[in-house]
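Read off the chains here:
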Amino acid sequence: NGAANGVYGVLAYAQNSGSNDSGFARVNTNDGRTITVGAGGGDNVTGIEAIAEDDNGVEDATIVLGLNNTLAIGSAAKSGAVGLSANGNSAGGTNGSKASVTAGNGLALTVNGDQAAGIVVQSEGNKQTNVTLGTGAIELTDNNGDGDSVGIRVVHTGGTGATNIDTGTTTIGAVTAIDGD
């Protein structure tokens with residue numbers, strides 16, 4: 001929780017080694033998990049990230065949170081904090097992997113700082129991007145006041161993949177969906 005930049009609480013990274021297939025990247029948490037990252041400072045800190053760089057579009061980047069998970073990410077004086085990130089973009093930039101974030105009931109996600117994001121999900125090609133939430137809250141604190149923080153950002157580029165956001169009854173700071181087609 002010191003002032004280091006680019007710190008992760010949990011990182012699952014299936015890197016493409018040039019063979020076009022990366023394997024999957026999945027993070028599952030138990031019920032009642034607490035994760036705190038970047039409270040002491042540092043830019044571009046991330047609570048949980050799953051990255052699958054699969055050029056074949058077979059594998060996935062998935063985060064599944066249990067019930068009553070609490071995440072406190074970032075510092076109000078810093079920038080670029082992300083609570084949860086699932087990235088299915090391929091290394092070659094053509095046909096990525098499915099990317100999803102699913103949170104059980106009782107989610108308490110707080111992200112602090114300028115240009116902060118609660119949940120970021122990215123994929124490309126013919127793959128889906130999914131966010132499924134139960135109950136809880138995503139809270140953002142951006143003291144800069146320039147409106148560049150977002151509760152949920154889902155980005156899909158190229159191909160025919162679908163973008164799905166189901167927020168359940170979760171209270172959210174803001175939602176942005178971008179389709180690059």
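Since the model is a prediction, treat every value here as computed from it, not as a measurement.

What follows concerns the overall build of the protein. When helices and strands are tallied, the protein shows zero helices and 16 strands. If you take every contact in the protein between residues at least 6 apart in sequence, the share linking residues at least 24 apart comes to 78%. As displayed, the protein offers around 7,500 Å² of accessible surface, 43% of which is attributable to carbon and sulfur atoms.

A few words on the sheet that holds strand S9 (residues 107-112). What the five strands build is an open sheet, ordered S3-S6-S9-S12-S15; its pairing is parallel. Looking at strand neighbours, the two that pair on one side only are strand S3 (34-37) and strand S15 (171-172), the edges of this open sheet. Relative to S9, strand S6 (residues 70-73) runs parallel, the two sharing four bridges. Directly across from Ala72, in S9, lies its bridge partner Thr110.

What follows is about the packing of aromatic side chains. Inspection of every chain in the model, using the stated rule, returns zero aromatic pairs. Stacked on the ring of Phe24, the Lys or Arg Arg26 has its end atom at 3.9 Å from the ring centre.

Before going further, it helps to spend a moment on the sheet that holds strand S11 (residues 129-133). Pairing is parallel across the open sheet formed by five strands, whose spatial order is S2-S5-S8-S11-S14. Of all the strands in the sheet, just strand S2 (25-28) and strand S14 (163-166) have a single pairing partner and so form its edges. The sheet shows a mean angle of 5° between the axes of neighbouring strands, direction not considered. Sheet topology places strand S5 (residues 60-65) next to strand S8 (residues 98-103); six bridges connect them, and they run parallel. Looking at the pairing, Val64 lines up with Thr102 of S8.

Criteria and cut-off values
- Residues numbered from 1 in each chain as written.
- Predicted model: local features only at pLDDT ≥ 70, side-chain atom pairs only at ≥ 80, totals over all residues.
- Heavy atoms only, no water.
- Helix = DSSP H or I, 4+ residues; strand = E, 2+ residues; numbered from the N terminus.
- Contact = heavy atoms within 4.5 Å.
- Areas by Shrake-Rupley, 256 points an atom, 1.4 Å probe, with all protein chains shown as cover.
- Pairing = 2+ DSSP bridges.
- Phe/Tyr/Trp six-rings, centres within 6.5 Å; stacked < 30°, edge-to-face > 60°.
- Lys NZ or Arg CZ within 6 Å of the ring centre and 35° of its normal.
- Axes fitted to C-alpha atoms, helices over the stretch in contact; angles between N-to-C directions.

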